[in-house]
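Here is what each chain is made of, one letter per residue.
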Amino acid sequence: MAKRKKLHNIVQETKGNIRVFCRCRPLSKYETSSGYKCAVDFDGAKDGDIGILNGGTAKKTFKFDRVYTPTDDQAEVYADASPLVTSVLDGYNVCIFAYGQTGTGKTFTMEGTERSRGVNYRTLEELFKIAEERKETVIYSISVSVLEVYNEQIRDLLATSPSSKKFEIKQAGEGSHHVPGIVEAKVQDIKEVWNVLQAGSNARAVGSNNVNEHSSRSHCMLCIMVKAKNLINGDCTRSKLWLVDLAGSERLAKTDAQGERLKEAQNINRSLSALGDVISALAMKSCHIPYRNSKLTHLLQDSLGGDSKALMFVQISPSDNDVSETLSSLNFASRVRGIELGPAKRQVDTAELQKVKQMLEKAKQEVRFKDDSLRKLEDTCQNLDNKAKGKEQLYKNLQEKVKELESQLDSRMHSQITSEKQQQQLSGKLKEKEEMCTTLQQKLVELEHKLRQQDQSESDVAVLKQMIKELEIKLKEQEHQRSVAELKTMEIGQELLEMHRTESMLQIKLRDLENNLQERASLQDTNMVLDSTNCTIICTTGPGEAKAQLFTREEATSEGEHHILRSSDSVNKRVSSNSSVAEATEVINDKKRKGDASNPSIGGELENQPAGSQNAARKRSLQGGDPRVKRKSTEPHAKIPGRTTAATKTATATQRTAPITRATKQQPAANKTRGWIR
Ligand code: ADP
Ligand code: MG
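The model shown is predicted, which means the values in this text are computed figures rather than measured ones. (Residues numbered from 1 in each chain as written. Chains lettered and ligands numbered in written order. Predicted model: local features only at pLDDT ≥ 70, side-chain atom pairs only at ≥ 80, totals over all residues. Heavy atoms only, no water.)

Draft legend 1. Here's a closer look at the site of ligand 1. All residues adjacent to ligand 1 are R23, R25, P26, Q101, T102, G103, T104, G105, K106, T107 and F108. One of the backbone N or O atoms of G103 is found 2.6 Å from an oxygen atom in ligand 1. Taking T107, its side chain carries an N or O atom lying 2.7 Å from an oxygen atom of ligand 1. Top contributing element to the shell around ligand 1 by residue count: helix 4 (residues 106–110), with three residues. (Near = heavy atom within 4 Å. Polar contact = N/O pair within 3.5 Å; in protein donor to acceptor, adjacent residues only side chain to side chain. Helix = DSSP H or I, 4+ residues; strand = E, 2+ residues; numbered from the N terminus.)

Right, dumping it as structure tokens:
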């Protein structure tokens, strides 16, 4: 059964209808003592049915969402209301109001007492509880305002100082109404809530002599504003819950009010009528809902529309004395319950929504970016893992190597000690070697210095060699000149030989002539008998004269012989001219012989002249080269050498001058060479 009811409630909630709970208070002591009877039938209360006994047997039945009997306590009442109440935390505008005749328990249901707290306190208590439970996902900001509408005037019950200021209702945005200037007390926990509610309740009583009377003639409205920010999906909502303790709905006629009371009653009736009109208009789905006909409906506009949730507690008296008022209230409540407000809508904060959308877009971009970076990080993680594995392996290998190296190090330490000793020894040796090295370096420097000097001298030697080469070249030239001169001498010698041949030919011819002469002489001897006188004359004259005579004879004999004689004469003439040159050379030779003692250098030079000596030998050979000439005639013999000496004299003269010049030239050169060598 309970399950079915719960499901029904859920269905109703989804439908968005105004739910109506009927609560009947117990008969008061006064009523019981007065003998009033219970006119309410609670037999079908569990099914939401309530019957009103009107005048004995007549019973009128009403059906509501929930019917609470006088025995149902505050907790039970709130238990049914709590799902609706807590939907404010989900962003829905909610309105809970208590309607009914004065003294039926409206204030008791809404406010309650300290011992049995009402809907207001329990609602806030649960809101804080749920907010605490959801704090990981949703951040709630809860603030409270307490207003009173009395004679169509709004009064801020939380205002610290009393003010005559008139509060107006303003529309802040689409479907959002608020009262500028009223106190919105931010409450953090339930203790503050109780203080706030008490402050409001106390303020309600100010200026009134009779608290109950005053409270029944004004609407007490508690507004709980909830701002929610969903940390998961970024949703932001701004919703409000109206908890209204309405003024008494009793009819004016019954109270017989006059003056101020009448005015109060009229305003109360007007506002409650406006509430009924609004609900009727909503039921008829009218295009115009008369919210502004009263301050009450105007304030509740946001929570009485098609996009909000509403709950009405219709409070009734069980007394048969109040049956007419009870029926009036139940009729009103029945009308209200029939209204379908349509599905409720979440009150999304559009400005916040825009911000949230932007934030969401940013967040999405960030998420995308982070996804990318996450993927990269995962890749890098994978790489790092692989690297780490590789490094671990490397680490193990290195550890093994370290162990090996440590063992090697130990052995090397030992060897190092020994090597250090060796090093010390070697360092001693090294020092010695260094000393030696320094001395060697010094020596090297000296040697280099000497080498440089030697290089210098070598360069001098090279210069001298060059000069020697030049001199040798000059010498060769001179030798060449000398050989040329010798060739010339040879040519001259050949000429001389030819001349000798011609001479010998001439001598042969001369001999032939002499033979002819002798033959002629013999012929003459034979003819001597004939001419003896002529013969004696020929014998007494000189050979020259005879020769002349012969010539004259010869002229007659042959022309060729004459020619030969003439040429021989010319030769004789040349020889005679040369004989004077030979005599001059003889003088020079004498002078030389004499000067040999006084000028040995000249003699030395001549001795050193092989060409001259050769010429002299040639001269001797030429003189003694033809013994036939020497033997035959002394005169031509004397003349021939004279001629040859004249011929050689030119050669010797040239040769003699050449050595002298050579000697004179060579001497300073030789002196120079001697000076360079030194
Ligand atoms: P209203 O606000 O409607 O004028 P109140 O809330 O003042 O009525 O209630 C009038 C009296 O009835 C109070 O003394 C209250 O304690 C009492 N009362 C109302 N409802 C109940 C209830 N359900 N159980 C016990 N007492 C109640
Ligand atoms: Mg009251």
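Draft legend 2. Quick peek at the pattern of salt bridges. Applying the stated criterion across every chain yields a total of ten salt bridges. As a salt-bridge pair, K63 and D49 come within 3.2 Å of each other at their nearest N and O atoms. Placement of the pair is K63 in strand 4 (residues 59–63) and D49 in strand 3 (residues 49–53), with a sequence separation of 14 residues. The residue R375 makes a salt bridge to D372 at a minimum N-O spacing of 2.8 Å. Within this pair, R375 and its partner D372 are both found in helix 12 (residues 350–526), separated by three residues, close to a single helical turn. The class of R375 is partly exposed, set by a relative accessible area of 48%. D372 sits in the partly exposed class, given a relative accessible area of 37%. (Salt bridge = Lys/Arg side-chain N within 4 Å of Asp/Glu carboxyl O. Buried < 20%, exposed > 50% of the residue type's maximum accessible area, 1.4 Å probe, protein only.)

Draft legend 3. Fine view of the packing of helix 9 (residues 259–283) against helix 11 (residues 323–337). Two elements in contact, helix 9 and helix 11, have axes whose closest approach is 9 Å; the angle formed by their N-to-C orientations is 30 degrees. Of the possible angle classes, the one that applies to helix 9 and helix 11 is roughly parallel. The handedness of the crossing between helix 9 and helix 11 comes out as left-handed. When helix 9 is examined against helix 11, the residues L272, L275, G276, I279 and S280 are found in contact with a partner set consisting of F332, R335 and V336. Residues of the contact of helix 9 with helix 11, tallied by class, amount to five nonpolar, two polar and one charged. (Axes fitted to C-alpha atoms, helices over the stretch in contact; angles between N-to-C directions. Parallel < 35°, antiparallel > 145°, perpendicular 65-115°, else oblique. Left-handed = near helix turned anticlockwise from the far one by under 90°. Contact = heavy atoms within 4.5 Å. Nonpolar A, V, L, I, M, F, W, Y, C, P; charged D, E, K, R; others polar.)

Draft legend 4. Structural context of unusual backbone geometry. Positive phi outside glycine occurs at N151, with the angle close to 50 degrees. For N151, the position within the fold is in the loop between strand 7 (138–150) and strand 8 (153–156). Residue E152 is not a glycine yet carries a positive backbone phi of 60 degrees. Inspection of the secondary structure assignment puts E152 in the loop between strand 7 and strand 8.

Draft legend 5. Seen up close, the sheet that holds strand 2 (residues 40–41). The strand order across the open sheet formed by three strands is 2-3-4, and the pairing between neighbours is antiparallel. Two strands in the sheet have a free side with no partner beyond their single neighbour: strand 2 and strand 4. Here five bridges tie strand 3 to strand 4, and the two strands are oriented antiparallel to one another. The residue of strand 4 that forms the bridge with G51 is T61. The strands that helix 11 touches are strand 3 and strand 4; relative to strand 4, the one it contacts most, it runs at about 35 degrees. (Pairing = 2+ DSSP bridges.)

Draft legend 6. Here's a closer look at the side chain of S145. With respect to the helices and strands, the residue S145 is situated in strand 7. For S145, a relative accessible area of 0% puts it in the buried group. A distance of 2.6 Å separates a polar side-chain atom of S145 from the backbone oxygen of V183. S145 has contacts with L158, I182, V183, E184, M221, L222, C223 and M225, leaving out every residue within four places of it along the chain.

Draft legend 7. The arrangement of the UniProt feature "binding site: ATP" (unreviewed entry) in the protein chain in detail. As recorded in UniProt, the sites labelled "binding site: ATP" (unreviewed entry) are G100, Q101, T102, G103, T104, G105, K106 and T107. Looking at the element boundaries, T102 is found in the loop between strand 6 (93–100) and helix 4. Here E250 takes part through its side chain, which lies 2.5 Å from a polar atom of the side chain of T102. Mapped onto the elements, G103 comes out in the loop between strand 6 and helix 4. (UniProt positions renumbered as here; feature names shortened; annotations may be inferred.)

Draft legend 8. How the structure looks around the packing of aromatic side chains. Applying the stated criterion across every chain yields a total of four aromatic pairs. Each ring, one from F21 and one from Y68, has its centre 5.8 Å from the other, and the planes form 80 degrees; the classification is edge-to-face. One end of the pair, F21, is in strand 1 (residues 19–24); the other, Y68, is in strand 5 (residues 66–68), with 47 residues separating them in the sequence. Pairing F62 with F64 gives two aromatic rings, centres 6.3 Å apart and planes at 15 degrees, and the pair type is stacked. Just above the ring of Y121 sits the side chain of R117; from NZ or CZ to the centre is 4.1 Å. The ring of Y92 carries K309 above its face, with NZ or CZ at 4.3 Å from the centroid. (Phe/Tyr/Trp six-rings, centres within 6.5 Å; stacked < 30°, edge-to-face > 60°. Lys NZ or Arg CZ within 6 Å of the ring centre and 35° of its normal.)

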